Amino acid sequence: MADQVLTMPGVAATAVQTGEVALRTIHLTKQYGQRLAVNDLSLEVKQGEIFGFLGPNGAGKTTTIRMALGLISPTSGSVEILGKNVVTQRAQVLPRVGALIETPALYLYLSGRNNLRAVGSALGGVPEARIDEVLELVGLAGRQKDRVKTYSLGMKQRLGIAIALLQDPDVLILDEPTNGMDPAGIVEMRDLMHRLASEGKTVFISSHLLTEVQQICTRVAIISLGKLITESSIAELTKGQGEFRVNVEQAREALALVKAQPWGESASLDSENALITRAPENSGRALNLFLSQAGYVPETLERPVQDLEQVFLNLTNSGSGDVK
Amino acid sequence: MSTAMTSSALAEKTTHVRAAKPSFFGLVGGELFKIRRQWTTWIMLILFMGITFAPYLIMFLESNIKDVITAPGGDYAYSRVAAGLALVRIFGGFFILILTARTIGQEYQLGTIRIVLARGVGRVQLLLAKLTAIVLWAVVLMVIGLALNALWALLQVQIVTGSLSAITGLSSTVWHDLGIYVLTILVSMGVTILMATSITVLFRSMAGGLSASIAWFPVDNILGLILTIAFALTRNDFWKNVSAYLLGPNLNVMAGAVANIRHGAWAFGTGPLVTVDGTHTLFVSAVYAVIFAVVAIGLTWKRDVKE
């Protein structure tokens, strides 16, 4: 993608979050026969937020996104974007939303530029300068005249994002936006997301790339079998559960000592022979003092931060390997 | 100063883009743009134009063509020009049928319907915009077909007789009857568009819509044959009467039935097994048109978009 979006140090910190709700699902439910694809899902995404929407395959992510875009009618419940109902006020609200849903859907017989013209015509046409702008933004200016059927998957993905950005939307809904992109493209995409958020846009991302989500998003929702499992900030979700990881010599002896304490009954050793334990008064300083006074001076003492992937697998009980 | 102007222009441009709402005429423009950017459209148009010349070429080989042209009562117009118009109806119908199935089916097949609808465009609004674009193409096709037929006829008359008096001397009755023929072609095209639309919407795929739409009229004609056999076996008029309600046979005889002319070129293809009048053919076509329209709009309106 273009240079202007490649170098954006610290942009995440400048994201404009107004606290107003950009996207809200209210008891959203979709039933196909006996199967509940989405089950009473209530979510709130704030303006200026980069929100991750996670779940194993078949969890109901794409169904939710399709309902948010008015492509599928909910069985019950509703979706509001920028305070407007997407079913009853779709013509007012959806032009303010840019979307990339699953694989990019494109007119293969048209050039990249003509795809943007064709889609832009739905809203009465888009100035050529704006088309230049988005092509530059996604790094396709050099291939804009080539037919899309000659594009690689990553290029199609970029064009799909250009289409999503065409109307300068306030809310972006992206389903697997980095699908098919090379590592450089993924980094560029991450920077683009941060830049858009810094401009006050709300970005709603559904992805299987949990490491990417962990780096890009401020908050996430995890769903499984159509139901919301958790909705939380990344920091809250990945922080340790009140335990500490201590590297110490004679770890087994230290473990025996700690397990004898009322606060340390659940202590254990991890695979690297480090002591995992709660602390007296839940204080790292107190734990350090206790071990030092007992003759087991810690080499390191830290609160373990959980990987989002591990959290995801724990919450969804999914070992199916559909996350990367 | 220039910076200020640039900023102002940029702001204006951004405001314009951000204030945009779904526009029906924008959608129609987009559909026309997509249609004219496909090679298939232009290849079909060239084939169509070439086919309009075929009957006149064959007529040149007739030994008595000069007698036919100069015969009183407009025999040339009722037989030869009408044959040219019959080809416009048949091949124009094929063209428009393929165009309809492609224009609607491709959107489902490529999945692009979701990016258009996700911009706030209504499902029925999009379908109507597509139909408008197809109708505009049908009108253009009709104009081209008529213009080429007129051109070939004038050339033929001029070459064979050395003057255009055989055309310029045609009575107002002949022109009136030819006008009715043209109107029945428009009715035929309209019903064909709605038929291809409803089938493609039902299948939600270009391949399915195209093959089922193309198969419709041959199946209709084969049904006529089956009904003939059924009548021969049972001697029950019911089978003959059923054939009066088949779309294809009614369209085949519509021009002759409406203008009340019994000439080969005015009842091109297999007709119903019983005699039908113009009102009947128009009524049957209207009923089919309404059914096709209701199916197309109803399915588009009610069904979720999962493409």
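About the criteria used
Residues numbered from 1 in each chain as written. Chains lettered and ligands numbered in written order. Predicted model: local features only at pLDDT ≥ 70, side-chain atom pairs only at ≥ 80, totals over all residues. Helix = DSSP H or I, 4+ residues; strand = E, 2+ residues; numbered from the N terminus. Buried ≥ 20, exposed ≤ 12 C-beta atoms within 10 Å, placed from the backbone. Contact = placed C-beta atoms within 7 Å. Domains from an automatic or database assignment. Axes fitted to C-alpha atoms, helices over the stretch in contact; angles between N-to-C directions. Parallel < 35°, antiparallel > 145°, perpendicular 65-115°, else oblique. Left-handed = near helix turned anticlockwise from the far one by under 90°. Nonpolar A, V, L, I, M, F, W, Y, C, P; charged D, E, K, R; others polar. Expected span 1.5 Å × (residues − 1). Pairing = 2+ DSSP bridges. Core = buried A, V, L, I, M, F, W, Y, C linked by C-beta atoms within 7 Å.

Enquirer: Can you help me understand the overall build of chain A in this one?
Expert: Helix and strand content of chain A: 11 helices and 14 strands. In terms of overall dimensions, chain A has a C-alpha envelope of 75 × 45 × 35 Å along the principal axes. In chain A, which comprises 324 residues, the share counted as buried stands at 46%. Long-range contacts, defined here as pairs at least 24 residues apart, represent 69% of the contacts in chain A between residues at least 6 apart.

Enquirer: Help me understand the domain arrangement of chain A in this model?
Expert: A common way to express how large an interface is: the accessible area buried when the components associate. Domains assigned within chain A are domain 1 (3–238) and domain 2 (244–302). Taking only C-alpha atoms, the centre of domain 1 of chain A and the centre of domain 2 of chain A are 45 Å apart.

Enquirer: What exactly am I supposed to notice about the packing of helix H3 (residues 39–60) of chain B against helix H7 (residues 123–161) of chain B here?
Expert: When two helices pack together, their arrangement is given by the angle between the helix axes and the distance between those axes. Residue and element names in this part refer to chain B. Relative to each other, H3 and H7 sit at 25°, their axes nearing to 10 Å. The orientation of H3 relative to H7 falls into the category roughly parallel. Considering the relative orientation of H3 and H7, their crossing is right-handed. Of H7, the residues touching H3 (which contributes Phe 48, Met 49, Thr 52, Phe 53, Tyr 56 and Met 59) are Leu 141, Ile 144, Gly 145, Leu 148, Asn 149, Trp 152 and Gln 156. For the contact of H3 with H7, the residue count by class is 9 nonpolar, 4 polar and no charged.

Enquirer: What exactly am I supposed to notice about the interface of chain B and chain A here?
Expert: Between chain B and chain A, the residue contacts involve 30 residues of the former and 33 residues of the latter. If you list the elements that add at least two residues to the side of chain B that touches chain A, you get helix H1 (2–18), helix H2 (24–36) and helix H6 (113–117) of chain B. Per-element tally for the side of chain B that touches chain A: the top contributor is H2(B), with 6 residues. Looking at the side of chain B that touches chain A residue by residue, the classes come out as 12 nonpolar, 10 polar and 8 charged.

Enquirer: I'm lost on helix H13 (residues 278–302) of chain B in this one. Help?
Expert: The α-helix winds at 3.6 residues per turn, so residues separated by three or four positions along the chain end up facing the same way. Residue and element names in this part refer to chain B. When the terminal C-alpha atoms of H13 are compared, their 36 Å separation across 25 residues agrees well with the 36 Å that a helix rising 1.5 Å per residue should span. Looking only at H13, the buried set comprises Thr 281, Val 284, Ser 285, Phe 292, Ala 296 and Thr 300. Where H13 is buried, its residues touch H7, helix H9 (172–203) and helix H12 (247–259).

Enquirer: Is there a simple way to explain the sheet that holds strand E4 (residues 76–81) of chain A in this structure?
Expert: Within a sheet, neighbouring strands are paired by backbone hydrogen bonds and run either parallel or antiparallel to one another. All names here are of chain A. The strand order across the open sheet built from 4 strands is E2-E1-E4-E5, with neighbouring strands paired in antiparallel fashion. Two strands close off the open sheet at either side, each with one partner strand: strand E2 (35–46) and strand E5 (84–85). In terms of strand pairing, strand E1 (residues 21–32) meets E2 through 8 bridges, oriented antiparallel. Paired with Gln 31 across the bridge in E2 is Leu 36. Strands in contact with helix H1 (residues 61–68) are E1, E2 and E4; relative to E1, the strand with the most contacts, it is inclined by about 115°.

Enquirer: What's the story with the pairing of strand E7 (residues 171–175) of chain A in this structure? I'm lost.
Expert: Each regular strand shows side chains that alternate between the opposite faces of the sheet. All names here are of chain A. In terms of residue burial, E7 counts as a mostly covered element, since 5 of its 5 residues are buried. Here E7 shows no split at all, with Val 171, Ile 173 and Asp 175 on one side and Leu 172 and Leu 174 on the other all buried. Inspection of the sheet shows strand E6 (residues 97–100) paired to E7 by 4 bridges, in the parallel sense. Bridged to Gly 98 within E7 is Leu 172. Bridge count for E7 against strand E8 (residues 202–206) is 5 bridges, and the pairing is parallel. Paired with Ile 173 across the strands is Phe 204, a residue of E8.

Enquirer: Please clarify how the sheet that holds strand E13 (residues 275–277) of chain A should be interpreted in this entry.
Expert: Residue and element names in this part refer to chain A. Spatially, the 4 strands line up as an open sheet ordered E12-E13-E11-E14, and their pairing is antiparallel. Here the strands that pair on one side only, and so sit at the sheet edges, are strand E12 (268–269) and strand E14 (300–302). Relative to E13, helix H9 (residues 251–259) is tilted by about 15°, and along the sheet it contacts E12 and E13.

Enquirer: Just checking my understanding: could you explain the environment of Asn115(A) for this structure?
Expert: Within the secondary structure, Asn115(A) is located in helix H3 (residues 112–120). In contact with Asn115(A), other than residues within four places in its own chain, are Leu106(A), Tyr107(A), Leu110(A), Val148(A), Leu159(A) and Ile163(A).

Enquirer: Can you help me understand the packing of H3(A) against helix H4 (residues 128–137) of chain A in this one?
Expert: Residue and element names in this part refer to chain A. At a closest axis distance of 11 Å, the pairing of H3 and H4 adopts a crossing angle of 125°. Comparing their axes, H4 and H3 come out oblique. Once H3 is placed against H4, the crossing between them reads as right-handed. Residues Gly 112, Arg 113, Leu 116 and Arg 117 of H3 form the contact with H4, whose own contacting residues are Ile 131, Val 134 and Leu 135.

Enquirer: Any chance you could explain the nonpolar core here in plain terms?
Expert: Where a protein is soluble and globular, its nonpolar side chains tend to be buried together. Ranked by internal contacts, the top residues of the largest apolar core, which has 154 residues, are Ala162(A), Ile173(A), Val203(A), Phe204(A), Ile205(A) and Ala82(B). In terms of residue count, helix H5 (residues 75–109) of chain B provides more of this core than any other element does, 17 residues in total. If near-sequence neighbours (up to four positions away) are discounted, Phe204(A) is found in contact with Leu23(A), Val45(A), Phe51(A), Phe53(A), Val171(A), Leu172(A) and Ile173(A). With 12 residues, the next largest nonpolar core counts Val246(A), Ala254(A), Leu275(A) and Leu291(A) among its residues.

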